[in-house]
Amino acid sequence: MKPNTQQLSDLTIQVRRDILRMVHAVNSGHPGGSLGCTEFLVTLYQNIMDRKEGFDMDGIGEDIFFLSNGHISPVFYSVLARSGYFPISELATFRLLNSRLQGHPTTHEGLPGVRMASGSLGQGLSVALGAAQAKKLNNDNHLIYTLHGDGELQEGQNWEAIMYASAKKVDNLIATIDVNGKQIDGTTDEVLAMGSLRAKFEAFDWDVLEIKEGNNIDAIIAGLTDAKSRTGKGKPVCILLHTEMGNGVDFMMHTHAWHGKAPNNDQLANALAQNISTLADY
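As the structure is a prediction and not an experimental result, all values here were calculated from the model. (Residues numbered from 1 in each chain as written. Predicted model: local features only at pLDDT ≥ 70, side-chain atom pairs only at ≥ 80, totals over all residues. Heavy atoms only, no water.)

**With respect to the packing of aromatic side chains**
Step number 1: Counted by the stated rule, this structure contains nine aromatic pairs.
Step number 2: Ring centres 5.4 Å apart and planes at 50° place the aromatic pair Trp 159 and Phe 204 in the tilted group. On the criterion of sequence distance, the pair formed by Trp 159 in helix α6 (residues 157-167) and Phe 204 in the loop between α8 (197-203) and β6 (207-211) is long-range, its members being 45 residues apart.
Step number 3: Taking the relative accessible area as the measure of exposure, Trp 159 reaches 17% and is therefore buried.
Step number 4: Phe 204 gets classed as partly exposed once you look at its relative accessible area, which sits at 26%.
Step number 5: Seen from their ring centres, Phe 201 and Trp 206 are 5.3 Å apart, and the 75° between their planes marks the pair as edge-to-face.
Step number 6: For Trp 206, a relative accessible area of 2% puts it in the buried group.
Step number 7: Here a set of aromatic residues connected by ring pairs shows up, and it is made of Tyr 45, Phe 55, Phe 65, Phe 76 and Tyr 85. (Phe/Tyr/Trp six-rings, centres within 6.5 Å; stacked < 30°, edge-to-face > 60°. Helix = DSSP H or I, 4+ residues; strand = E, 2+ residues; numbered from the N terminus. Buried < 20%, exposed > 50% of the residue type's maximum accessible area, 1.4 Å probe, protein only.)

**Considerations on helix α9 (residues 217-230)**
The periodicity of an α-helix, 3.6 residues per turn, causes residues three or four places apart in sequence to face the same way.
Step number 1: Look at α9: 20 Å from first C-alpha to last across 14 residues, which is about the 20 Å you get at 1.5 Å a residue.
Step number 2: Buried within α9 we find Ile 217, Ala 219, Ile 220, Ile 221, Gly 223, Leu 224 and Ala 227.
Step number 3: Of the surrounding elements, those touching the buried residues of α9 are α1 (5-26), α3 (38-48), β2 (144-149), β3 (173-179), β6 and β7 (237-242).
Step number 4: Two residues or fewer past α9, Gly 232 is found with a positive phi of approximately 75°. (Expected span 1.5 Å × (residues − 1). Contact = heavy atoms within 4.5 Å.)

**Let's talk about the pattern of salt bridges**
Step number 1: A complete count under the given rule lists 15 salt bridges for this structure.
Step number 2: Residue Lys 212 is joined to Glu 210 by a salt bridge in which the shortest nitrogen-to-oxygen separation is 3.4 Å.
Step number 3: The class for Lys 212 is exposed, based on a relative accessible area of 61%.
Step number 4: Among the residues examined, Glu 210 registers a relative accessible area of 26% and is labelled partly exposed.
Step number 5: The shortest N-O distance in the salt bridge between Asp 226 and Arg 230 comes to 3.1 Å. Taken together, the residues Asp 226 and Arg 230, both in helix α9 and four residues apart, mark about one turn of the helix.
Step number 6: When its relative accessible area of 29% is taken as the criterion, Asp 226 is described as partly exposed.
Step number 7: Because the salt bridges share partners, they merge into one network encompassing Arg 198, Glu 202, Glu 210 and Lys 212. (Salt bridge = Lys/Arg side-chain N within 4 Å of Asp/Glu carboxyl O.)

**Notes on the side chain of Thr 176**
Step number 1: With respect to the helices and strands, Thr 176 occurs in strand β3.
Step number 2: Residues contacting Thr 176, with those up to four places away along its chain left out, are Phe 40, Thr 146, Leu 147, His 148, Ile 239 and Leu 241.

**Quick word on the state of the cysteines**
Step number 1: This structure, assessed with the given rule, holds zero disulfides.
Step number 2: Of all cysteine sulfurs in the structure, the one in Cys 238 sits closest to Cys 37, which takes part in no disulfide; the separation is 14 Å.
Step number 3: With relative accessibility at 0%, the residue Cys 37 sits in the buried group.
Step number 4: Of the residues examined, Cys 238 reaches a relative accessible area of 0% and is grouped as buried. (Disulfide = S-S within 2.5 Å.)

This is how it looks when you write it as structure tokens:
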């Protein structure tokens, strides 16, 4: 049975705790975007995706996810571990020497759940398109999901892939854009304003929907369910997911300052106090 909203909320709080403790332990990592996408990734893996037990790189007969903005690896690793891909205790090795949990996910580490090396922004959609077309060739009706940062869309390779996806009618693909309006050096409008993302994707002939409350689990379930219903109709699907960077920790929200900065001891204690443990820390 799929977890209910309360169970998803409880897991979301625990994943937040994982993120905070992971980046604090090594004084390194990216908590802001990780916290902003926690509800989305928890819901995707626990409620939406059709996943098989275990892990194999081919992903035949199941939905596949690619993380393009690989710097939000803390949330990715936590969700993978708490979805059964590898032991939760391994989260304690984040960014340590010889760990499988490096700052950006890599395939050569052999970490279950990781299907591409990501961190060089702008490449995830291209990889996902290859996987989506392979599923079509294999008569596999499962879906490909991707996640991208809004600042990441300033990279040009995205737009070649976006153009290709619609031209080749890759309609088994759902690409989600984390629209938090912030990146490492400021707001996305300050760094390089992109105008209307909806208008851009629609101009490239994508089917576009928005999740206005991107940190609301019920809204995410409704939005992803809507997106799934739009697949198989000749167009790739784009979700504009409006989130708050640093969500769930008051002093990390409404600023880009925590894009890539770890909390100190006092800040960690403050943040954890705002997210009382619901399951068990690693």
